[in-house]
Amino acid sequence: MKNTIKYLNENHARYEQELIDILKVPSISALPDHADDMLTMAGMLKDEMQKIGMDEAQIIETEGHPVVYSEWLKAPDKPTLLIYGHYDVQPVDPVDLWSSPPFEPVIKGDKLFARGSADDKGQIYIHLKAIEAWLATLGDLPVNVKLVFEGEEEVGSIHLEDFIKEHAAMLAADYVVISDTPMFREGYPGITYGLRGLAYLQLNLRGTNTDLHSGSFGGLVKNPINALVEILSQMKDVDGRILIPGFYDDVLPITENEHIKLSKLPFEATDFAKSIGAPALFGEAGYDDLERLWARPTFDINGIWGGFQGEGAKTVIPAEAHAKVSMRLVADQNPADIAQKFKAYVESLIPESMEANIQVMHGGFGYVTDLDNPGLQAGVRALERAFGKEVDFLREGGSIPIVKVFADIIQAPVLLMGYGLPDQNAHAPDENFSLYNFHKGIESIIYFFEEIGKLKD
Ligand code: BES
Ligand code: MN
Ligand code: MN
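Residues numbered from 1 in each chain as written. Chains lettered and ligands numbered in written order. Predicted model: local features only at pLDDT ≥ 70, side-chain atom pairs only at ≥ 80, totals over all residues. Heavy atoms only, no water.

## Thoughts on the nonpolar core
Link 1 in the chain: Counting 69 residues, the largest nonpolar core has Phe448 and Phe449 as its most contacted members.
Link 2 in the chain: No other element matches helix α4 (residues 117–138), which puts 10 residues into this core.
Link 3 in the chain: Filtering out sequence-adjacent residues up to four positions away, Phe449 remains in contact with Leu81, Ile83, Ala130, Ile131, Trp134, Leu141, Pro142, Val143 and Val145.
Link 4 in the chain: Counting residues in each nonpolar core, the second largest holds 29 residues, with Ile242, Phe299, Ala339 and Met354 among its members. (Core = buried A, V, L, I, M, F, W, Y, C linked by side-chain atoms within 4.5 Å. Buried < 20%, exposed > 50% of the residue type's maximum accessible area, 1.4 Å probe, protein only. Helix = DSSP H or I, 4+ residues; strand = E, 2+ residues; numbered from the N terminus. Contact = heavy atoms within 4.5 Å.)

Listed below in structure tokens is the structure:
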């Protein structure tokens, strides 16, 4: 073990350089123009898996971007870890707001700046490098490992559920491990034991065949933008409570133990508001800030458009109005059920004068894992050994829709050991990853393999 950590320390610079090399590939899953980059990225990961000593490294086709898989299964009687991550990244616009080009990684201080540095290439590299260090210094691993890196997480993991079902035997494991979440604060490792789910829809309203002169027609027809805002204004009350009938039916409250853990985390509402440039925070009345962020559902309008948007004024009644809306969900809300409830409620509010069409775009379940799970406890020990600080127990407001699918099909708990930071700017300009977390992250996964291995001694 000493040699393994020594190896890690001696290879810091090379590890950083190799991460930089994969960050140069613009593997943006959402944009068809980048299809070749997706293949390049998958190929580089497969080569890397082979290089570090993984077996059966392969690129497995799906209906969309491929999955990269490999395994190391030479530890009989030891637990098996299924390590999942994603090699696709978000689009980079508005590109003008980046301090340096998103696919030309630069190091400033402790931070490596590039699209995908934190979400999620830097974090999947932590696992590859921990495996490399074990195999290079000890010749084997104390656990069995399966690596599954997908290329469609940022577009809703559209083909992964089928992939998991089709390859359920190949993917069988005792624990699913994912590094794709942030820590709560710099220097303090975190274990995320809950994620929110998501239901995403688009609402389209049409009043007439064509735009109309608002003088010649105003007063005779209903304006679809007026109708849209009337409908959307009935989704929440002034206290932030969502008004969709039955919306809260399946929401599980947090336990007393969770309350205690949440209250231990330092969170200053005023400082937080300031850090994001908000005059004040806002949310559902009657709940603490972190509880609202992690364990309560939301309703948000993500975009709204229609009518005249140009300079000056135009007297028009637009023919159409549109909105994209999403709801972050919590255990045990079912995204299909919530989409249905939203649809039924909206339909009940649509005036006779309007034609409506509601599209369900994508969704996923939330997830909560048991804090007493022995795998989670092994993760806690490993993180504390590497970072020398007590672990923060976190839930997250974001979603990794495939987590619940893994939990259900593989029938294994999902451990979320994330190494991002709150100011990582994921999905935004100047995305960055802490190199301290990168190296400590590798060290913690080295220990994690050892701790998990001990569970079945
Ligand atoms: N890594 C994030 C998930 C995440 C974000 C976890 C913040 C914890 C905190 C992931 O890559 C992501 O962006 N997920 C999307 C899912 C969506 C595209 C279905 C999200 O949460 O919006
Ligand atoms: Mn991610
Ligand atoms: Mn993301």
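## Some points on the coordination of the manganese ion (ligand 3)
Note on metal sites: the ideal angle is 109.5 degrees for four tetrahedral donors, and 90 or 180 degrees for six octahedral donors.
Link 1 in the chain: The manganese ion (ligand 3) binds to the protein through Asp119 (OD), Glu154 (OE), Glu154 (OE) and His427 (NE2); the donor distances cover 2.1 to 2.6 Å.
Link 2 in the chain: Relative to the metal, the 6 donor atoms surrounding the manganese ion (ligand 3) lie at angles of 55 to 155°, and the coordination shape comes out irregular.
Link 3 in the chain: Donor residues for the manganese ion (ligand 3) sit on one chain with the sequence pattern D-x34-E-x272-H.
Link 4 in the chain: Taken as an interatomic distance, the gap from the manganese ion (ligand 3) to the manganese ion (ligand 2) is 3.5 Å; Asp119 donates to each of them. (Donors = N, O, S within 2.8 Å, 3.2 Å for Na, K, Ca; no water. Tetrahedral: all angles 85-135°; square planar, octahedral: opposite > 155°, others 65-115°.)

## Digging into the site of ligand 1
Link 1 in the chain: Near ligand 1, the surroundings consist of 16 residues, among which Glu153, Asp180, Arg328, Ser399 and His427 are the closest.
Link 2 in the chain: Between ligand 1 and the protein, one listed contact pairs a nitrogen atom with a backbone N or O atom of Ser399 at 2.8 Å.
Link 3 in the chain: For ligand 1, whose accessible area on its own is 520 Å², the fraction buried by protein is 85%.
Link 4 in the chain: Grouping the constituent residues of the shell around ligand 1 by class yields 4 nonpolar, 6 polar and 6 charged.
Link 5 in the chain: Two domains each donate at least three residues to the shell around ligand 1, and these are domain 1 (2–195 + 366–456) and domain 2 (197–253 + 294–363). (Near = heavy atom within 4 Å. Polar contact = N/O pair within 3.5 Å; in protein donor to acceptor, adjacent residues only side chain to side chain. Areas by Shrake-Rupley, 256 points an atom, 1.4 Å probe, with all protein chains shown as cover. Nonpolar A, V, L, I, M, F, W, Y, C, P; charged D, E, K, R; others polar. Domains from an automatic or database assignment.)

## Considerations on the domain arrangement of the chain
How big an interface is tends to be expressed through the accessible area that disappears when the partners come together.
Link 1 in the chain: Structurally, the chain comprises domain 1 (2–195 + 366–456) and domain 2 (197–253 + 294–363).
Link 2 in the chain: Between domain 1 and domain 2, the C-alpha centre-to-centre distance is 36 Å.
Link 3 in the chain: Counting from both sides, the interface comprises 11 residues of domain 1 and, opposite them, 7 residues of domain 2.
Link 4 in the chain: Roughly 900 Å² is buried in total at the junction of domain 1 and domain 2, and carbon and sulfur atoms are behind 58% of that figure.
Link 5 in the chain: The three residues of domain 1 that bury the most area against domain 2 are Gly366, Arg395 and Ser399, which together make up 49% of that side's buried surface.
Link 6 in the chain: Linking domain 1 to domain 2 there are 0 salt bridges.
Link 7 in the chain: In terms of residues, the side of domain 1 that touches domain 2 owes the most to one element, strand β16 (residues 392–396), which gives 3 residues. (Buried area = accessible area lost by both parts, 1.4 Å probe. Salt bridge = Lys/Arg side-chain N within 4 Å of Asp/Glu carboxyl O.)

## A short note on the coordination of the manganese ion (ligand 2)
Link 1 in the chain: The protein atoms that coordinate the manganese ion (ligand 2) are His86 (NE2), Asp119 (OD), Asp180 (OD) and Asp180 (OD), at distances spanning 2.0 to 2.3 Å.
Link 2 in the chain: Taken together, the 6 donor atoms coordinating the manganese ion (ligand 2) span angles of 57 to 167° at the metal, a pattern that classifies the geometry as irregular.

## Let's talk about the side chain of Thr62
Link 1 in the chain: Along the polypeptide, Thr62 turns up in the loop between β1 (55–60) and β2 (67–72).
Link 2 in the chain: One polar contact links the side chain of Thr62 to the main-chain carbonyl oxygen of His65, over a distance of 2.9 Å.
Link 3 in the chain: Ignoring sequence-local partners within four residues, the contact set of Thr62 consists of Val67, Glu152, His159 and Phe163.

## Observations regarding the environment of Gly43
Link 1 in the chain: Residue placement: Gly43 occurs in helix α3 (residues 35–52).
Link 2 in the chain: For the pair Gly43 and Pro66, spaced 23 residues apart in sequence, the C-alpha to C-alpha distance is 10.0 Å.

## Some details on the sheet that holds strand β4 (residues 106–108)
Link 1 in the chain: Ordered in space as β4-β5-β18, the 3 strands form an open sheet in which the pairing is antiparallel. Either end of the sheet is taken by a strand with one partner, and the two such strands are β4 and β18 (432–434). Adjacent strand axes in the sheet meet at a mean angle of 30°, parallel and antiparallel pairs treated alike.
Link 2 in the chain: Bridging between strand β5 (residues 111–113) and β18 involves 3 bridges; their strand directions are antiparallel. Residue pairing for β18: Lys111 is matched across the bridge by Ser434. (Pairing = 2+ DSSP bridges. Axes fitted to C-alpha atoms, helices over the stretch in contact; angles between N-to-C directions.)

## Description of the environment of Glu320
Link 1 in the chain: For Glu320, the position within the fold is in strand β13 (residues 320–329).
Link 2 in the chain: In this structure Glu320 comes out as partly exposed when scored by relative accessible area, which is 37%.
Link 3 in the chain: Between the C-alpha atom of Glu320 and that of Trp305, which follows or precedes it by 15 residues, the distance is 8.9 Å.
Link 4 in the chain: What Glu320 contacts, discounting residues up to four positions off in sequence, is Leu205, Arg206, Pro224, Ile225, Gly306 and Gly307.
Link 5 in the chain: Looking at Glu320, its side chain comes within polar contact range of the side chain of His322, at 2.9 Å.

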